[in-house]
Amino acid sequence: HSFFNLLPPQLIFEKEGVYLHTNAKRSNQDTTIPGFIRIVERVSKMSESSLIQRGKSGNVGFYNIFALGWGASSRWSFSLPLSELYSLRRARFSLGRNFLVLTSRGGHPLPPLHFHRGGTRELLRALNRYIILDQSPVDGRLFLAYPHDSGALSQSFDKLQLLDDGGSDLQRFIQDPYATTFGGFSKVTNFFRAAIRPPESPIHLRTPHDPNMAPQSDEEPGFELITLELGPRPEVTRGQPFDKWEEFLDPEGRVKNPEKIKELVFRGGIMPSLRKDIWKFLLGFYPWNSTAKEREDILRVKTDEYFRMKVQWKSVSEEQEMRNSLLRGYRSLIERDVNRTDRHNTFFSGNDNPGLTLLHDVLMTYCMYNFDLGYVQGMSDLLSPLLFITQNEVESFWCLTGFMELVHHNFEESQEAMKQQLLQLSILLKALDPELCDFLDSQDSGSLCFCFRWLLIWFKREFPFEDILTLWEVMWTRFPCDNFHLLIACSILESQRGELIGSDHDFNTILKHINELTMRLDLQSILCGAEAIYLQLVQCKELPLKVQQVLGLYFSSSSEEDSPDSQASETQHHLGQREGGAAAAAHGPAYP
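Keep in mind the model is a prediction, meaning the values are calculated, not measured. (Residues numbered from 1 in each chain as written. Predicted model: local features only at pLDDT ≥ 70, side-chain atom pairs only at ≥ 80, totals over all residues. Heavy atoms only, no water.)

A. Region of interest: the overall build of the protein chain. Counting its secondary structure elements, the protein chain contains 22 helices and 9 strands. The buried share among the 592 residues of the protein chain stands at 53%. The contacts in the protein chain between residues at least 6 apart in sequence include a share of 70% that link residues at least 24 apart. When the accessible surface of the protein chain is totalled, it reaches about 27300 Å², and 50% of it is carbon and sulfur. (Helix = DSSP H or I, 4+ residues; strand = E, 2+ residues; numbered from the N terminus. Buried < 20%, exposed > 50% of the residue type's maximum accessible area, 1.4 Å probe, protein only. Contact = heavy atoms within 4.5 Å. Areas by Shrake-Rupley, 256 points an atom, 1.4 Å probe, with all protein chains shown as cover.)

Right under this line is the structure:
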């Protein structure tokens, strides 16, 4: 213990007027808790001389001897060694003061600290004496913390493990990916905006001795993010359901101009009587260029293939299944979920309903088709509308396989795809509505984890059954971009901003509010809003690269011979094509 005997702590920085904001009105308690923030230095006696020497070269923070802390009472106070500080996010929204969110390297965000009397810039300046604060190129208010002598200024998004390594989490995920992953996301609320700058170009904050430092003001402009000028948002109207299928078939049954059909479907959906035919093309069961005769052959081959797989699980005896825990687990989950999937729909209502048997059998057969993935909760939600429309076991199965080609990564145990989609959603929302993002951050909701179910099963539980049929066929067109589902999520969130900003919502009540939107959203207005957002973004001349990538407007070349100028030219050309297509879609023949 004498080795680590500490000298008296030295106060490096202190700022009063720092508050925690709570949501305690229901219990008649104060909603703001006053306190102060300090940086305190503690140095080991034995290593004092060496640490002082190292401090001159900027290496002290690496030795875990500086503590950043906030204090008001024993109940709320906390401290954090600077070596454990992962990120610091500074934000401001119009109805509140500046606030900081500190996140530890363990993935745990501390409560947002609200600076009622300013001082965030002085704090960042003081921290910069001991650590590097590296600014994110995507979010100018996010700073990642590194020791001065660290040679690895890189922490990838891949390292945010939401599930434990043990098998128990895997089993829980298979049974309920929403609840299991939601619990994981709650640990990393503020990590989803962490885009790391390359290590060779860290951005250092200016020191107090910088003669070019602007005078301090209440606005503290040195750390404000420049607002993206998006321009006006176009007005969008929806079209009528597509009803001219026969006009697009040649004498041999080939589909003429499938891109035109997709555009028409995107504009207005499909007439209910035609869904059974067109869905099979949208989901890849039939090729668009196949003749009627070729489709008959395809159906015959696919029928034989389906029943061969069905026989595999039907022929497993009870004794065999007792020794196959994975298959037994899949069957148990399927039986449980089938009994609670869309039971309000007449096709699945009542006991001993043939529709329930078909739902069960198709899902079990899918386990044989893709045994590695098997069955994960939520797949029954994807199958039920397919079965309802096709009214056919074989056709619904192959439509499901086509649908799963689009979304299978949503159900993978690693959840990398879901993490990536939430990151992309946050990038879009940051460009569209930074004030809403700041509010969500201030309430520990910056991860957007409450959108997890939307993305997992494509809003299946958010809209009435009939609306889902229209929504899915619109999204299956992949117009105007592959990530249109993220724009739909943005449209929903923006429609609720008035209910969120300025309210008493905290993390739990935000989650409750979002969940209570189920069956209360107007699909047509949400689709209009999503398309208008797309048009607004693609018409922006200075759209950030990250947003372009999410929208599919930018594709980096893997060729080493491509110069930056040629890549930029290619990007602008592609962007121009997208803009022209979007404009035509809104006003020209492609969108009648």
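B. Layout of the packing of helix H13 (residues 416–432) against helix H17 (residues 484–495). One can describe the packing of H13 onto H17 by two numbers: an axis separation of 10 Å at closest approach and a directional angle of 50°. It follows from the interaxial angle that H13 and H17 lie oblique. Considering how the two elements wind past one another, H13 and H17 form a crossing that is right-handed. Two secondary-structure elements touch here, H13 through Gln421, Gln424, Leu425, Leu428, Leu429 and Leu432 and H17 through His485, Leu486, Leu487, Ala489, Cys490, Leu493 and Glu494. Looking at side-chain class alone, the contact of H13 with H17 contains 9 nonpolar, 3 polar and 1 charged residues. (Axes fitted to C-alpha atoms, helices over the stretch in contact; angles between N-to-C directions. Parallel < 35°, antiparallel > 145°, perpendicular 65-115°, else oblique. Left-handed = near helix turned anticlockwise from the far one by under 90°. Nonpolar A, V, L, I, M, F, W, Y, C, P; charged D, E, K, R; others polar.)

C. Representation of the packing of aromatic side chains within the structure. In this structure the tally under the stated criterion is 23 aromatic pairs. Measuring from ring centre to ring centre gives 4.9 Å for phenylalanine 403 and tryptophan 472, while their planes differ by 75°; the resulting arrangement is edge-to-face. A residue pair is termed long-range when its members are at least 10 positions apart, and phenylalanine 403 in helix H12 (residues 393–407) and tryptophan 472 in helix H16 (residues 465–476) qualify at 69 residues. For the residue pair phenylalanine 403 and tryptophan 472, the accessibility class agrees, reading buried in each case. Through a chain of ring-to-ring contacts, the aromatic side chains of Tyr306, Phe307, Tyr366, Tyr369, Phe397 and Trp398 assemble into a single cluster. If you follow arginine 238 out to its NZ or CZ, it ends over the ring of phenylalanine 266, 6.0 Å from the centre. For the cation-ring pair, lysine 302 lies above tryptophan 398, with the distance from its terminal atom to the ring centre recorded as 4.2 Å. (Phe/Tyr/Trp six-rings, centres within 6.5 Å; stacked < 30°, edge-to-face > 60°. Lys NZ or Arg CZ within 6 Å of the ring centre and 35° of its normal.)

D. The pairing of strand S5 (residues 85–91), seen in detail. Where burial is concerned, most of S5 is hidden: 7 out of the 7 residues are buried. Bridge analysis of S5 against strand S9 (residues 142–147) gives 3 bridges, and the strand direction is antiparallel. When the sheet's bridge partners are listed, leucine 88 is paired in S9 with phenylalanine 143. (Pairing = 2+ DSSP bridges.)

E. Layout of the pairing of strand S6 (residues 98–104). Burial of S6 is extensive: 7 of the 7 residues sit out of reach of the surface. Side chains of S6 alternate between two faces, with Asn98, Leu100, Leu102 and Ser104 and Phe99, Val101 and Thr103 buried alike. Across 6 bridges, S5 lies against S6 in antiparallel orientation. Bridge pairing in S6 links alanine 91 to phenylalanine 99. With 3 bridges connecting them, S6 and strand S7 (residues 113–115) associate as antiparallel partners. For asparagine 98, the partnering residue across the bridge sits in S7 and is phenylalanine 115.

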